[in-house]
Amino acid sequence: MNTQSYDRRTPQTRIVGGGAPDASIDPRNRGVEEASLDTPELVQAIAHNLPEVDPSQIDRFIQQYRRLEHLKAFLESTPTAREGCEPLLDKAVRALSYQRPYRIALVGRTGVGKTQVLNTLVGRELLASQQGQPVTGTVTEIFQDTSDSEERAVIRYRDMENIRSLIQRELIERFGLTDADFVMPDELSGEFATAFREIEPPVGNDPERFKNVQTALANVMDQYLRFKDEELPTEFCLTDNAACAKLNALITENSERNQVDKTRIVGLIHSVAYYIHGDVDQESVPELRLPRNTCLVDLPGISGSPLHDIIIAEGIQDADAVVFIVNPKRVGQSDEKALVGRIREAIGLNGELDAAEQIFLVLNAIDESAVDPERMDRAPMTELARELYADSGKMPNRDGDMPYFELSALAAALARTQLQGGTIEDPRKYAAIVQTLAPEAVLEQAGANPEIDHRAVLARSGISKLVTSLNDFAGERVAKQIQTADAAITKIVNRLISQYQMEIASKSSKTSGDFESYDEEQLVQRCRELEDLLLTFRNTQLRNKAALTIDLRNAATKLCDDVDAAVREQLPYLWKKNVTRDTDIVRAVSYYNVQARQLVSEVEVMVWSELTFRLKYLATSLVDHYETAFAADEIQKRLIDASYGHPLATEAFGEDAITALSAEMQRGLEAFSERLILAFLPEPAFRFISPGQDTRLKAKSARGNLSGLPGLPKETLTAINGHANGGKASPLSTDLMAIVAQIPPTLSVEPSSFDRFIQAVRERYESVVLVDSVNALVNVYEYEMLKAERCLLTTVEKLFRQFRDTRLSDPALFERMLRDTTDLTVRQEINDLNMKIDELTEIQRSPEG
Ligand SMILES: Nc1nc2c(ncn2[C@@H]2O[C@H](COP(=O)(O)OP(=O)(O)OP(=O)(O)O)[C@@H](O)[C@H]2O)c(=O)[nH]1
Ligand SMILES: [Mg+2]
């Protein structure tokens, strides 16, 4: 036998083992404990604990269970939402706590046979029952089918907390005491107990009733103070006779110990829980089998004492079914009706189910009835039932068309014992009961021990009808539980959704609220900003065109210098190669003409190819210029930033994209520059030797007119120049042949001798490079820039079209766009609320609906 140190501050030890639930006072403690179970395990656990349900019910139960889990997680993450939901949430949690046993409480006046009914149902004389005086003294819970090896009972004593809450509930609240009448101390003490007894009944209350409750509570307090420092036994092995005797002495009202004030302790016992193996031989009386995980609760008799009333209220509080037992001898007496009021009051605390369905009215000990059951007057019972089910709208159909059961618990117990092969103490009494109750069950009258059909007796006892009814009710209970949970969850969810919707409405009214069109506008705006950025960049470039042209012209001048240098370097070789000395002046002149022309045309080709080659550098410098300006204005960065730094933007405007863009520009400008010189070739002014020059020189030589050689005659020069320059003499239109003719025809020539020629050559091409080519390249550059701009604009447009489409489904984009919202907090709050509503809507979808 275990003992428990009865320290006032020590919380009561929890009842463990047997797979039975904690019989804690607060029903909230019996929540859904194994929320993390996987579905198959959950199914198994539910099927095990609710064996009366069918598979579809299990499914529905689990669906509600999952909904509840989801809702709990939601409330966990949103503590403010919890406020006000607690009662409904508790209701749902309670409804879905499949581990909670099916609780059947037995109530009725003392001696009506409550304990006898319980003993009959468990199939043995487990609890004390006796005629003539109150026996059961406390809430007695029987958990069957324990898996513990040893059957045991566990007593739970009242602690100071419990006594304080009893006083609060039963005296202060019930009788409307105020602080002026009475202040509850932190500690219970002898002084307080004395003062407590002297509290006067508040006006407007029945003083006798007040005194009774006051005395009952004072007695409990006395017992507490008397035993608070004692080690009180809590656990009792039911196979140990001495332990059982000790247990009965503690818990039964009529035990010797409880008769004397000094040793009386039953008031201090909150409850006793029995963990038993149940009916080992279920096959013998299957009609008396109750659902698994049933907890039968025996209670003291009503009206026995105010404390009993309190205990009954505590015991009934969590009951699923209440078996209200009356005795035929008392039916119709006025105080029986008064009991009904108490019962209804006690059950009203629960309030979840219709009282009519929940209360099973039983007329017990029909074997004792003076009259034959066949001719019994049932009017008083019907009257009582009417009283009991007064406002429930309908009378339940229990036994035939009667609103109550008629039974003989004793006859049933004796028959059951016989069917289980047990022996009964007093066969004569059994025979007598059978004779009155079920004469047809007497098969053969063989002296003192007649042969009896025990099953027929059991049937006649009426108990199996009660059991069947309780079993059916258990099935309904699960359906009700599912319904209750569904209703509670749906109610919470709907309430929260409408609350959030109202919050959104009120928040929206403070801002424009229409975020969708706000987003659209924002995107259009952003897109326009980017277009402006690119246009501004282009315009700035165009405004700088004059400066760019000057820069480019400087570069072109340098280019011309390089061409000159190349010509200067090459000339001595060309000179040696082409111009020979001949003493014969006439021959020399004719050779010379040909040779000089050869030289000039070789220089011409060289210059053209040099130019073509070098103009590419001008193209490159333009691309460089573009890149530098692009970087200086941070165009790339601004494009990406304005596109919310979105991954699509970093890709579209990334390094690779920009490099590709300038490569394209480079290609365009280079291709153009390569053909640029070709474009000028038909220009006579650009040609080093005019087309007609050759023949004219030949004709001149044929006529022998070679005057001016090595210099050419003035008119010849004029004629040539005039032709080369569209008939007009120009300072540039110098005849190159004539200049060559002025160079001393020696093999090695002073480099400075070529100066005049080189200068004349430059005069030929310089303006084409510095003016025409530069202008053309700048124009093409402008065109290429526009091409690049168009390309960027198209990308921007495409990107923002994409943004508009994915705005809501792309959290990164949405988040970034949110930052641009002027009323960010409100927007954020509304967004949060919308997300909550989304989650709740998911929970809202009830499989029941
Ligand atoms: N003849 C007859 N006697 C019964 C029947 N049921 C119970 N009794 C007897 O009535 C007496 C009281 O029965 P209990 O079961 O102790 O009554 P109770 O309602 O538990 O009484 P309290 O515990 O005091 O509230 C016992 O002697 C039982 O044997 C019955 O159906 N027929
Ligand atoms: Mg009893």
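**Focus on the overall build of the protein**
Scanning the protein from terminus to terminus reveals 29 helices and 12 strands. Looking at the protein residue by residue over its 849 residues, the buried ones come to 49%. Total accessible area on the protein is roughly 39800 Å²; 51% of this is exposed by carbon and sulfur atoms.

**Examining the site of ligand 1**
As a matter of local geometry, ligand 1 sits amid 23 residues, with Thr110, Lys114, Thr115, Val135 and Asp367 nearest to it. Between ligand 1 and Gly301 there is a distance of 3.2 Å, counted from an oxygen atom to a backbone nitrogen or oxygen. Backbone polar atom of Ala365 to an oxygen atom of ligand 1: 3.4 Å apart, as the coordinates give it. Surface burial for ligand 1 is 95%, taken as the share of its 640 Å² of free accessible area covered by protein chains. At the level of elements, α5 (114-122) and α14 (409-419) are the ones that each hand at least two residues to the shell around ligand 1. It is α5 that provides the largest number of residues to the shell around ligand 1, a total of 3 residues. Here the shell around ligand 1 is composed, by residue class, of 7 nonpolar, 12 polar and 4 charged.

**Some points on the coordination of the magnesium ion (ligand 2)**
Summarising the metal site, the magnesium ion (ligand 2) is bound by the protein donors Thr115 (OG1) and Thr136 (OG1), whose distances to it range over 1.9 to 2.0 Å. Taken together, the positions of Thr115 in helix α5 and Thr136 in the loop between α5 and β3 (139-143) put the pair 21 residues apart, joining distant regions of the chain. For the pair shown, Thr115 and Thr136 are each scored as buried.

**Some words on the packing of aromatic side chains**
Summed over all chains, the structure comprises 16 aromatic pairs. Aromatic side chains Tyr65 and Tyr98 sit 6.0 Å apart centroid to centroid with 55 degrees between the ring planes, which places their arrangement in the tilted category. Linking Tyr65 in helix α2 (residues 55-77) with Tyr98 in the loop between α4 (86-95) and β2 (102-108), this pair joins segments that are 33 residues apart in sequence. According to the relative accessible area criterion, Tyr65 is buried, its value standing at 1%. On the basis of relative accessibility, which here comes to 2%, the residue Tyr98 falls in the buried class. On the basis of an interplanar angle of 10 degrees and a centroid distance of 5.2 Å, the ring pair of Phe143 and Tyr275 is categorised as stacked. Highlighted residues: Phe143 in strand β3 and Tyr275 in strand β6 (residues 269-275), separated in sequence by 132 residues. By the ring-pair criterion, three or more aromatic residues cluster together here, those being Phe537, Tyr626, Phe630 and Tyr781. Here Arg398 stacks its cationic end above the ring of Phe360, 4.0 Å away from the centre of that ring.

**Examining unusual backbone geometry**
A positive phi is found at Asn293, a non-glycine position, where the angle reads about 60 degrees. Following the sequence through the fold, Asn293 ends up in the loop between β6 and β7 (294-298). Here Ala365, not a glycine, exhibits a phi torsion of approximately 60 degrees, which is positive. Tracing the backbone through its elements, the reader meets Ala365 in the loop between β9 (359-363) and α13 (379-388).

**Here we look at the pairing of β2**
Within β2, 7 of the 7 residues are buried, which leaves the element mostly enclosed by the surrounding structure. Of the two faces of β2, both are covered, the one formed by Tyr102, Ile104, Leu106 and Gly108 as well as the one formed by Arg103, Ala105 and Val107. As judged from the 5 bridges shared by β2 and β7, these two strands associate in the parallel manner. Of the residues in β7, the one forming a bridge with Ala105 is Val297. By the bridge criterion, 5 bridges tie β2 to strand β8 (residues 321-326) in an arrangement that is parallel. Bridge pairing links Leu106 to Val323 in β8.

**Some details on the confidence of the model for the protein**
With 83% of its residues at a pLDDT of 70 or more, the protein shows a mean pLDDT of 81. Model confidence for the protein, summarised as mean pLDDT per element, is weakest for helix α25 (residues 714-724) at 40 and strongest for strand β4 (residues 152-157) at 96. Segment residues 694-733: pLDDT under 50, and 52 contacts once partners within four positions in sequence are set aside and those in other chains are kept.

**Quick word on the packing of α5 against α14**
Helix-helix packing is described using two parameters, namely the angle between the two axes and the distance between the axes. In contact at an axis separation of 9 Å, α5 and α14 are set at 25 degrees when each is read in the N-to-C sense. Here α5 is positioned roughly parallel relative to α14, judged by the angle of their axes. Between α5 and α14 lies a crossing whose hand is left-handed. Along the contact surface, α5 presents Gln116, Val117, Thr120, Leu121 and Val122, while α14 presents Ala409, Leu410, Ala412, Ala413 and Arg416. Partitioning the contact of α5 with α14 into residue classes produces 7 nonpolar, 2 polar and 1 charged.

**Overview of the environment of Ser662**
Looking at the secondary structure, you find Ser662 in helix α23 (residues 655-680). For Ser662, the contacting residues outside a window of four places in its chain are Val623 and Glu627.

**Regarding the pattern of salt bridges**
As enumerated under the stated definition, the model contains 36 salt bridges in all. For Arg264, the salt bridge goes to Glu253, with nearest N and O atoms at 2.8 Å. Residue Arg264 is located in the loop between α9 (241-251) and β6, and its partner Glu253 is located in the loop between α9 and β6; the two are separated by 11 residues in the primary sequence. Owing to a relative accessible area of 13%, Glu253 belongs among the buried residues under this scheme. For Arg568, the salt bridge is made with Asp755, and the minimal N-O distance between the two is 2.8 Å. Placement of the pair is Arg568 in helix α19 (residues 545-578) and Asp755 in helix α27 (residues 755-806), with a sequence separation of 187 residues.

**Description of the environment of Gln844**
The topology assignment puts Gln844 in helix α29 (residues 824-844). Judged by its relative accessible area of 29%, Gln844 falls in the partly exposed class. Residues Gln844 and Val493 lie 351 residues apart in sequence; the distance between their C-alpha atoms is 6.1 Å. Aside from chain neighbours lying at most four places away, what touches Gln844 is Arg67, Val493, Asn494 and Ile497. A distance of 2.6 Å separates the side chain of Gln844 from the side chain of Asn494, its partner in a polar contact.

**Re the environment of Pro306**
When you line up the elements, Pro306 lands in helix α10 (residues 306-316). Separated by 94 residues in the primary sequence, Pro306 and Asn212 have C-alpha atoms spaced 6.3 Å apart.

**Things to note about the nonpolar core**
If you look at the biggest cluster of nonpolar residues, it comprises 120 residues, and the most contacted ones within it are Phe196, Tyr274 and Phe324. Among the elements that line this core, the one with the most residues is helix α8 (residues 207-227), at 9 residues. Ranked by size, the runner-up nonpolar core spans 82 residues in total, among them Leu571, Leu599, Ile635 and Leu770.

**A look at the side chain of Arg762**
Secondary-structure assignment places Arg762 in helix α27. A relative accessible area of 12% places Arg762 in the buried class. A polar side-chain atom of Arg762 sits 2.5 Å from a polar atom in the side chain of Asp561. Here Arg762 is in contact with Thr557, Cys560, Asp561 and Asp564, once residues within four sequence places are set aside.

**Some remarks on α27**
A rise of 1.5 Å per residue sets the reference length of α27, with its 52 residues, at 76 Å; its end C-alpha atoms lie 71 Å apart and thus fit the reference within 8%. Largest kink in α27: about 45 degrees, centred on Tyr765.

The rules behind each value
As a convention, each chain's residues are numbered from 1 in the sequence order in which they are written. Numbering of ligands from 1 and lettering of chains from A proceed in the order in which they are written. Since the coordinates come from a predicted model, pLDDT governs what is reported: local features require at least 70, and pairs of side-chain atoms require 80 or more to be given and counted, while whole-chain, interface and lining totals use all residues. The side-chain numbers reported here are obtained from all heavy atoms of the structure, hydrogens and water having been left aside. Secondary structure elements are defined from DSSP: runs of H or I of at least 4 residues count as helices, runs of E of at least 2 residues count as strands, and each element is numbered from the N terminus. Partly exposed describes any residue whose relative accessible area lies between the buried limit of under 20% and the exposed limit of over 50%, with all areas from a 1.4 Å probe on protein chains only and scaled to the type maximum. What sets the accessible areas is the Shrake-Rupley method with a 1.4 Å probe; for residues, cover comes only from the shown protein chains. The near set for a molecule or strand comprises every residue that places at least one heavy atom within 4 Å of it. Pairing of N or O atoms within 3.5 Å defines a polar contact, subject to two protein rules: one partner must be a possible hydrogen donor and the other a possible acceptor, and residues neighboring in sequence count only if both atoms are side-chain atoms. Under the scheme applied here, ten amino acids are nonpolar (Ala, Val, Leu, Ile, Met, Phe, Trp, Tyr, Cys and Pro), four are charged (Asp, Glu, Lys and Arg), and all others, including Gly, are polar. Distances decide who is a donor: an N, O or S atom must be within 2.8 Å of the metal, or within 3.2 Å for Na, K and Ca. Water is not included, so sites may look incomplete. Pairing of aromatic rings covers Phe, Tyr and the six-membered ring of Trp, with a centre-to-centre limit of 6.5 Å; geometry is then stacked below 30 degrees between planes, edge-to-face above 60, and tilted otherwise. Here, over-ring charges are defined by two tests on the NZ atom of lysine or the CZ atom of arginine: distance to the ring centre within 6 Å, and angle to the ring normal within 35 degrees. When DSSP finds at least two bridges between two strands, those strands are taken to pair. Residue-level confidence of the predictor, termed pLDDT, takes values from 0 up to 100. Should any heavy atoms of two residues lie within 4.5 Å, those residues are considered in contact. Here an axis means a line fitted to C-alpha atoms, over the contact stretch when the element is a helix, while the angle between two N-to-C directions is reported on a 0 to 180 degree scale. Here the angle decides the label: under 35 degrees means roughly parallel, over 145 means roughly antiparallel, 65 to 115 means roughly perpendicular, and every other value means oblique. Rotating anticlockwise by less than a right angle from the far helix to the near helix defines a left-handed crossing, while the corresponding clockwise rotation defines a right-handed one. The salt bridge definition used is simple: a Lys or Arg side-chain nitrogen within 4 Å of an Asp or Glu carboxyl oxygen. Residues grouped as a nonpolar core are buried Ala, Val, Leu, Ile, Met, Phe, Trp, Tyr and Cys residues, joined through side-chain atoms within 4.5 Å. The span expected for a helix works out to 1.5 Å for each residue beyond the first. By definition, a residue's bend is the angle between the axes fitted to the seven residues ending there and the seven starting there.

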